[in-house]
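An overview of the molecular structure
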Amino acid sequence: MSTPLESWVEESARLTKPAKIVWCDGSVAENDRLTDEMLRDGTFIELNQRTYPRCYLHRSNPNDVARTEGLTFICTREKETAGPTNNWMAPSEAKEKIRPLFDGAMKGRTMYVVPYIMGPVNSPYSKIGVEITDSAYVAASMRIMSRMGKAALDRLGGSDDFVPGLHSLGDLNPERRFIMHFPEEKLIWSVGSGYGGNALLGKKCFALRIASWMARDQGWMAEHMLILGLEDPSGKVTYMAAAFPSACGKTNLAMMVSALESQGYRVWTIGDDIAWMHVAEDGTLRAINPEAGFFGVAPGTNAKTNPNVMAALRHDTIFTNVGLTQSGEPWWEGMDPEPPAGLIDWNGRQWSAPNGAAAHPNSRYTVPASHSPSLSSRWEDPAGVPISALIFGGRRARLAPLVYEARDWQHGVFVGATMASETTAAATGAVGVSRRDPMAMLPFCGYNMADYFGHWLAMGPKLKNPPKVFHVNWFRRSADGKFLWPGYGENVRVLKWMLDRIEGRAGANDTPIGCVPTPNSLTLDGLSISRDTLAELLAVNSSDWSEEEQAVGQFFNKFDGRLPAPLRQEHASLGGRLSRSSVATK
Ligand code: GTP
Ligand code: SPV
Ligand code: MN
């Protein structure tokens, strides 16, 4: 008798008709074979093997370089279940529409069966997925990003407790590109794209969209969050998780080299993109990183902004859509002040300055977490690490101060639910447009966002000491358009303020939106920043925030009667505080 996995593989093979089927075991020998094939058929370009051993460059189809949110669907029986912020299609209609695209899609090609674990191999919180794909690049990337192969099959046995994901490159035509989620049956279908978040199905599709659904049902949380540990001079480590939208600084914060290292403050990495968080028996919120690697944004990364990443990328790394130097090394904007002579751009053409970027703005590296010099000794702790602070943040040229603290859990949920950020190159479409992106989950929540807010509200009372909630903005700009805050390793100063707040040491000014640091409560030694700049960074302008408060009201109206009442109350309280403060300052 065949196992549930074998039956699904057979069924998928009948539909897609591959020339051959390869069950991936995750071994080095298998990875070598995949690499050789990809070097032969041009999927991989060998980088300088002396300076970048076992590193390769992949150039994707130029129309397939980012997530495509307009082509991503939540397919539930009722439209209301998906909610107003998701694209929706009925499951039967979706399958009728997509099945023909899979029919014969793997003719003459290899089907890879990729079993994987999301989470540490021995954690009770980990979950199993199996991806069927006709992309060797996807199979090789899944080996870096998850615990792929034999370990997953061993853990699965004959069970049906896995999330199946069927993926085919199809013809890479966006007209025939669909990323479909069937949360009611825990199934993923993706066709027509080879790009990370569209094609590495363990990541956004499973670990966020399907997992957020499971988490709501089972009483835990699946979030678009990095996880880090902040070590203080006594050696004590306090863990924090932070949700920023795509390309808004999670990897960089999680892997930073602290500017306060000489004072004894260090940052340890647990995860850079996704957190699965459970309430432990002792009432703490425990987070695991379901991933095993980093799929990070290359541009802007350099020896100064992120030396840990730069060190991690020197071997066994896949680069996607970066530039190529004459000596066969990867290159991207922001790596050096001046581009080297003789660059080849991400499309494989000779690069010259007026031709735009040498590396695509969403070019990425795929690197095992184990390469990171900042990796925490607890990054695979099966019980997870206890979270003391949750941080929301986004890119906001104006309005949001460098940091503020929510008044309590419920207000913290309101702060997360109403956050906004300027769009980035991580998804197709306009860049730099401000949009609401609750908890940085707008593109990743697998069900009605109003119910998701309700789930967040319900989690607070289950926790003995709910984490403090903060909001940060590294991206506030001056009138002449320059970033006011140096960012990167200097962000540790803000983390230290949070730690001091958790431990009841740091001062804060109560404002209508929450508690903002007093200028003296931030540790600024060694940083040249003027008093005026600091004041601009921390300013809370009541009339700007009143406009924001109106916009939040409009956003909330999208959810009609489904929006949890406590969020309406928080909104009304904010309105009240703002009007009192504008009277006070008149
Ligand atoms: P995803 O992988 O898409 O989820 O992105 P992410 O949130 O991990 O963002 P990442 O850390 O890769 O940063 C995205 C871009 O923002 C990069 O170009 C970084 O160089 C830049 N960036 C990150 N942190 C800072 C910061 O503190 N200040 C400034 N100015 N830029 C930053
Ligand atoms: C993001 O866009 O948030 C990413 C990259 O982390 S992707 O895996 O493509 O979603
Ligand atoms: Mn992300």
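The shown structure was predicted, so the numbers you read here are calculated from the model rather than taken from an experiment. (Residues numbered from 1 in each chain as written. Chains lettered and ligands numbered in written order. Predicted model: local features only at pLDDT ≥ 70, side-chain atom pairs only at ≥ 80, totals over all residues. Heavy atoms only, no water.)

Time to look at the packing of aromatic side chains. Evaluated as defined, the whole model comprises 23 aromatic pairs. Relative to F295, the ring of Y195 has its centre 5.7 Å away and its plane inclined at 55 degrees; by these criteria the two rings are tilted. Taken together, the residues Y195 in the loop between strand 11 (187–191) and helix 7 (196–199) and F295 in strand 18 (residues 293–297) connect sequence positions 100 residues apart. Across the pair, exposure class does not vary: Y195 and F295 are buried alike. For the ring pair F555 and F559, a centre distance of 5.4 Å and an interplane angle of 90 degrees mean the geometry is edge-to-face. (Phe/Tyr/Trp six-rings, centres within 6.5 Å; stacked < 30°, edge-to-face > 60°. Helix = DSSP H or I, 4+ residues; strand = E, 2+ residues; numbered from the N terminus. Buried < 20%, exposed > 50% of the residue type's maximum accessible area, 1.4 Å probe, protein only.)

Spacing of three or four residues puts side chains on the same side of an α-helix, whose turn is 3.6 residues. Taking 1.5 Å as the rise per residue, helix 15 (residues 542–557) with 16 residues should run 22 Å; its terminal C-alpha atoms sit 23 Å apart, in good agreement. Among the residues of helix 15, those classed as buried are S542, W545, E548, E549, V552, G553, F555 and F556. Down the axis of helix 15, the smallest arc covering the buried residues is 160 degrees, so these residues share one side. Opposite the packed face of helix 15, turned more than 90 degrees from it, sit the exposed residues E547, Q550 and Q554. Structurally, the start of helix 15 carries an N-cap: the backbone nitrogen of S543 is 2.9 Å from a side-chain oxygen of N541. (Expected span 1.5 Å × (residues − 1). Arc of directions from axis to C-beta. Polar contact = N/O pair within 3.5 Å; in protein donor to acceptor, adjacent residues only side chain to side chain.)

This paragraph deals with the packing of helix 2 (residues 28–41) against helix 5 (residues 136–145). For the pair helix 2 and helix 5, interaxial distance at closest approach is 10 Å and the crossing angle is 145 degrees. The way helix 2 lies across helix 5 gives a crossing that is left-handed. Contacts from V28, N31, L34 and M38 in helix 2 reach A136, Y137, A139, A140 and R143 in helix 5. (Axes fitted to C-alpha atoms, helices over the stretch in contact; angles between N-to-C directions. Left-handed = near helix turned anticlockwise from the far one by under 90°. Contact = heavy atoms within 4.5 Å.)

In this section: the packing of helix 11 (residues 409–417) against helix 12 (residues 449–459). Packing of helix 11 against helix 12 brings their axes to within 9 Å, and their N-to-C directions diverge by 155 degrees. Considered as vectors, helix 11 and helix 12 are oriented roughly antiparallel to each other. You can see that helix 11 and helix 12 cross each other, and the crossing is right-handed. Two secondary-structure elements touch here, helix 11 through W409, Q410, V413 and A417 and helix 12 through F453, W456, L457 and M459. Residues that form the contact of helix 11 with helix 12 fall into these classes: seven nonpolar, one polar and no charged. (Parallel < 35°, antiparallel > 145°, perpendicular 65-115°, else oblique. Nonpolar A, V, L, I, M, F, W, Y, C, P; charged D, E, K, R; others polar.)

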